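Okay, here's what each chain looks like letter by letter:
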Amino acid sequence: RKEVEQDPGPFNVPEGATVAFNCTYSNSASQSFFWYRQDCRKEPKLLMSVYSSGNEDGRFTAQLNRASQYISLLIRDSKLSDSATYLCVLKLRGTYKYIFGTGTRLKVLA
Amino acid sequence: DGGITQSPKYLFRKEGQNVTLSCEQNLNHDAMYWYRQDPGQGLRLIYYSQIVNDFQKGDIAEGYSVSREKKESFPLTVTSAQKNPTAFYLCASSLSRGFDQPQHFGDGTRLSIL
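In this convention, every chain numbers its residues from 1, walking through the sequence in written order. Each chain gets a letter, beginning with A, and each ligand a number, beginning with 1, in the order they are written. Only residues with pLDDT of at least 70 get local features here, since the model is predicted, and only at 80 or more are side-chain atom pairs given and counted; chain-wide, interface and lining totals rely on the full set of residues. Heavy atoms from the whole structure form the basis of all side-chain values; hydrogens and water molecules are not counted.

Draft legend 1. Just the overall build of chain A, in detail. Think of it this way: any DSSP run of H or I at least four residues long counts as a helix, any run of E at least two long counts as a strand, and we number them from the N terminus. Regarding its fold elements, chain A presents zero helices and eleven strands. Our radius of gyration is a C-alpha quantity, and the globule rule it is checked against amounts to 2.2 Å times the number of residues to the power 0.38. At 13 Å, chain A has a C-alpha radius of gyration in line with the 13 Å of a compact globule built from 110 residues. Seen through its principal axes, chain A has C-alpha atoms that stretch 45 × 30 × 20 Å. Each accessible area is a Shrake-Rupley estimate made with a 1.4 Å probe; only the visible protein chains count as cover when residues are assessed. In the form shown here, chain A has an accessible surface area of approximately 5200 Å², with 47% of it arising from carbon and sulfur atoms. Positive charge is attributed to Lys and Arg, negative charge to Asp and Glu, and no charge count is given to His or to the chain ends. To locate a charge, the coordinates of NZ of Lys, CZ of Arg, CG of Asp or CD of Glu are taken. Of the charged side chains in chain A, 15 are positive and 10 negative; the average position of the first set lies 5 Å away from that of the second.

Right, here's the structure in full:
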């Protein structure tokens, strides 16, 4: 089983739609969680950290469910500029190691 | 502005040649990393370094070498032993072993074989 699993998509949604992605992980020693955004042929950029109580940044909401070992990202009122690949990343407790999912591709359509 | 600088942006390697990719950061981060990304694939860890003069192999270290002589610098050498070097190489850094510290990335180097 992969340490981090994401649905590769693509998720094709119209502008203004709400879309959600999940990411499951297998290592219970996972301590910290992040969502990154990667545009085509560019480097990943930090979108948001994911906190145990859930957190929101504008149109983006991240949730963590430790019992079921998944994190989620909700995007409200999708914009064309949200089209990208969204990477789920976790950091193992007490280490410098980060584990990356292979990403979920989002296409927002006009 | 603080950040991570990778150079060159594009690099071409001839058969049998070693090439070195540069990565410099001015974020005062302790840890630095090298990843490889192939088209349509996720990031795979090549090497990482927690402190100066120390580094650890990642999942795909064969055919690569690194050094960490300064906190700010973590160059990656792609040796002739790496038979399939064509990929997008990403350097990253993180602050410390502390809770909730994300990685920050440079803008990458694209390596191709001539």
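From this point on, the discussion continues.
Draft legend 2. Region of the structure containing the side chain of B:R13. Residues and elements named next belong to chain B. When you line up the elements, R13 lands in strand β2 (residues 10-13). Think of it in three bands: residues with accessible area under 20% of the maximum for their type are buried, residues over 50% are exposed, and the middle band is partly exposed, with areas taken using a 1.4 Å probe on protein chains only. What counts as a salt bridge is simple: a side-chain nitrogen of Lys or Arg found within 4 Å of a carboxyl oxygen of Asp or Glu. The side chain of R13 is buried and forms no salt bridge, while E15, the nearest opposite charge, is found at 5.1 Å. What qualifies as a polar contact is a pair of N or O atoms within 3.5 Å, subject to a donor-acceptor requirement within protein and to the restriction that residues adjacent in sequence count only when both atoms come from side chains. Polar contacts involving the side chain of R13 include one to the main-chain carbonyl oxygen of T79, which spans 2.8 Å. Those residues in contact with R13 that sit more than four places away from it in its chain are V19, V78, T79, S80, Q82, P85, L111, S112, I113 and L114. By definition in these notes, contact holds between two residues if any of their heavy atoms fall within 4.5 Å.

Draft legend 3. Molecular detail of unusual backbone geometry. The residue after A:G9, namely A:P10, is reached through a cis peptide bond having omega 5°. Along the chain, the position of A:P10 falls in the loop between β1 (4-6) and β2 (11-14). For the bond running from B:S7 to B:P8, omega is -5°, close enough to zero to count as cis. In this structure, B:P8 sits in the loop between β1 (4-7) and β2. Even without being glycine, A:D77 reaches a positive phi, approximately 50°.

Draft legend 4. Focus on the interface of chain A and chain B. At the interface, 21 residues of chain A touch 26 residues of chain B. Buried area between chain A and chain B, summed over both chains or domains, comes out near 2000 Å², and the portion from carbon and sulfur atoms is 57%. We define buried area as the total accessible area lost by two parts upon association, computed with a 1.4 Å probe and summed across both. Summed over the three residues of chain A that lose the most area to chain B, namely A:Y96, A:Y98 and A:F100, the buried surface amounts to 34% of that side. Between the two partners, chain A and chain B, sit one salt bridge. With a closest N to O distance of 3.8 Å, B:D59 and A:K97 form a salt bridge. In this structure, the connection of chain A to chain B is made through five residue pairs in polar contact (both at pLDDT 80 or more).

Draft legend 5. Expanded view of the pattern of salt bridges. Inspection of every chain in the model, using the stated rule, returns nine salt bridges over all chains. With a shortest N-O distance of 3.6 Å, A:E56 and A:R76 are connected by a salt bridge. Residue A:E56 is located in strand β6 (residues 55-57), and its partner A:R76 is located in the loop between β8 (70-75) and β9 (84-92); the two are separated by 20 residues in the primary sequence. Using a relative accessible area of 26% as the deciding quantity, one classes A:R76 as partly exposed. Measuring nitrogen to oxygen at the nearest pair gives 3.6 Å for the salt bridge that ties B:K9 to B:D107. Of this pair, B:K9 sits in the loop between β1 and β2 while B:D107 sits in the loop between β10 (104-105) and β11 (109-113), and the two are 98 residues apart along the sequence. For B:K9, a relative accessible area of 43% puts it in the partly exposed group. Residue B:D107 is classed as partly exposed on the basis of its relative accessible area of 34%.

Draft legend 6. View of the sheet that holds strand β8 (residues 76-78) of chain B. Residue and element names in this part refer to chain B. The criterion for strand pairing is that DSSP finds at least two bridges linking the strands in question. Read from one edge of the open sheet, four strands run β1-β3-β8-β7, paired in antiparallel fashion. Bordering the open sheet on either side are β1 and β7 (64-66), each of which pairs with just one other strand. Averaged over all pairs of adjacent strands, the angle between their axes in this sheet comes to 20°, without regard to strand direction. One ladder, built from three bridges, connects β7 with β8; its direction is antiparallel. Opposite Y64, over in β8, you have V78 as the bridge partner. Comment: axis = line fitted to C-alpha atoms, over the contacting stretch for helices; angle = value between 0 and 180 degrees taken between N-to-C directions.

Draft legend 7. Just a nonpolar patch on the surface, in detail. Exposure above 30% relative accessible area and the lack of any salt bridge qualify a residue for a patch; like charges then connect within 9 Å, and the nonpolar side chains Val, Leu, Ile, Met, Phe, Trp and Tyr within 5 Å. Together, B:Y10, B:F12 and B:L114 give the surface a local cluster of nonpolar side chains, amounting to about 370 Å² of exposed area. With respect to the secondary-structure elements, B:Y10 resides in strand β2.

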